[in-house]
Amino acid sequence: MLYISRKETDPYFNIAAEEYVLKELSGDIFMLWQNSPSIIVGKHQNALAEINQKYVRSKNIPVIRRITGGGTVYHDLGNLNFSFIKSGNRNELINFEAYTQPIIKALRHLSIEAKFEGKNDLRVQGKKISGNAEHVYKNRVLHHGTLLFSSDLNKLNEAILAPTKNFTDKSVQSNRSIVANISDFLSGPISINQFREKILEQIIKSDQKASYYTFSEHDKNKINELIKTKYSQWEWNYAYSPKYILKKEFHFKDIRTQINLKVKNGIIKDIIFTTEKLNKTFELKMRESLIGLRHESNEIESRLHSSPRFNDEAEIKAILETLF
């Protein structure tokens, strides 16, 4: 097994690196890595339905889609991520319990009794400390998981406090759980770097043939190309979401209505208003101005400000708050 030393904390690089290692390198591989503050959504999720958009924009938190399924997670430097990439019989590659057992054993060496519970969680005393996901590519599997060590749980909860009730779609929705930091269960204080070394020590012990590997310049160039063409792109991070309908109440002066925004591939396909007494001028200018645009705040805000149909800043603000 190869252990790839990963010191980068750029979330775009780290998420792209997993796909690169899965598809371009061979053999069994283990990685430990950390991201600066970011939100990582599952492959089959509606990104906008999973995040607190106002908070995310105000804090400039990157939202990045990964290639594995499962729910949305918040990363920061208090969270340690682990990845196993292995080859095998395609019909036997999906095995959440098998890939989490080495982590459970490592935690036990720290006197932490973690248990695999539900579909993909590790829990301590009923509280979630790790979420896991997998993706199969040909005869290889990527299994990765989080390890909440000393994350800012207030920011975590705020960032993924999503108004999912406003969205109608067939996406995979996150199961929200009570989370806890591993550091809260330790008998004595250690740093996250010390924790990282202890996890690695136990993993290496389980494979006497383990060796270290560092990304070459070729590897890094290929990973950066993936960032450029995929992981930094709105088309992957947001437009890849399943088609959805956003239902929100709009209130401004004498206008009171429900807006049903129909979106496919990230593009606004239709806007339907449910109130018969709606001001037809407002309905017309909304439809003519926004249908065909990305359901993306900067693009919509730019269109509203540049259109002579919208010259009331309070009205523009009300529209943006409704659509996001």
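Anyway, here's the lowdown on the structure attached to this text. Everything quoted here is computed from the prediction, not taken from an experiment.

How two aromatic rings sit relative to each other is set out by the distance from centre to centre and by the angle between their planes. Using the criterion set out here, one finds 12 aromatic pairs in the structure. Measuring from ring centre to ring centre gives 6.2 Å for Y3 and F30, while their planes differ by 35°; the resulting arrangement is tilted. In this pair, Y3 is assigned in strand 1 (residues 2-5) and F30 in strand 2 (residues 29-33), connecting sequence segments 27 residues apart. Exposure remark for Y3: the relative accessible area of 5% places this residue in the buried category.

Our next topic: the environment of Y244. Examined against the element boundaries, Y244 turns out to sit in strand 13 (residues 244-252). Setting aside chain neighbours within four positions, we find Y244 in contact with N46, L48, F167, T168, D169, L261, K262, V263 and H295. A distance of 2.7 Å separates a polar atom in the side chain of Y244 from a polar atom in the side chain of H295.

On to the sheet that holds strand 11 (residues 167-169). Within the open sheet, the 4 strands sit side by side as 11-13-14-15. Their pairing is antiparallel. The sheet is open, and its two borders are formed by strand 11 and strand 15 (267-273), each paired with just one other strand. The mean inter-strand angle of the sheet, taken between neighbouring strand axes irrespective of direction, is 25°. Of the pairings in the sheet, the one linking strand 13 to strand 14 (residues 255-264) comprises 9 bridges and is antiparallel in character. Bridging from a neighbouring strand, K248 pairs with I259 of strand 14. Here helix 11 (residues 313-323) sits on the sheet and contacts strand 13 and strand 14; the angle it forms with strand 13, its principal contact strand, is near 150°.

Once that is clear, we can look at the packing of helix 9 (residues 280-290) against helix 11. Packed helix pairs are specified by the crossing angle of their axes together with the interaxial distance, meaning the distance between the axes. Axis separation between helix 9 and helix 11 bottoms out at 14 Å; the angle between their running directions is 65°. Note that helix 9 runs across helix 11; the crossing there is right-handed. For the pair formed by helix 9 and helix 11, the contact residues are F282, K285, M286 and L290 on the first element and E315, I319 and L323 on the second.

What counts and what doesn't
Residues numbered from 1 in each chain as written. Predicted model: local features only at pLDDT ≥ 70, side-chain atom pairs only at ≥ 80, totals over all residues. Heavy atoms only, no water. Phe/Tyr/Trp six-rings, centres within 6.5 Å; stacked < 30°, edge-to-face > 60°. Helix = DSSP H or I, 4+ residues; strand = E, 2+ residues; numbered from the N terminus. Buried < 20%, exposed > 50% of the residue type's maximum accessible area, 1.4 Å probe, protein only. Contact = heavy atoms within 4.5 Å. Polar contact = N/O pair within 3.5 Å; in protein donor to acceptor, adjacent residues only side chain to side chain. Pairing = 2+ DSSP bridges. Axes fitted to C-alpha atoms, helices over the stretch in contact; angles between N-to-C directions. Left-handed = near helix turned anticlockwise from the far one by under 90°.

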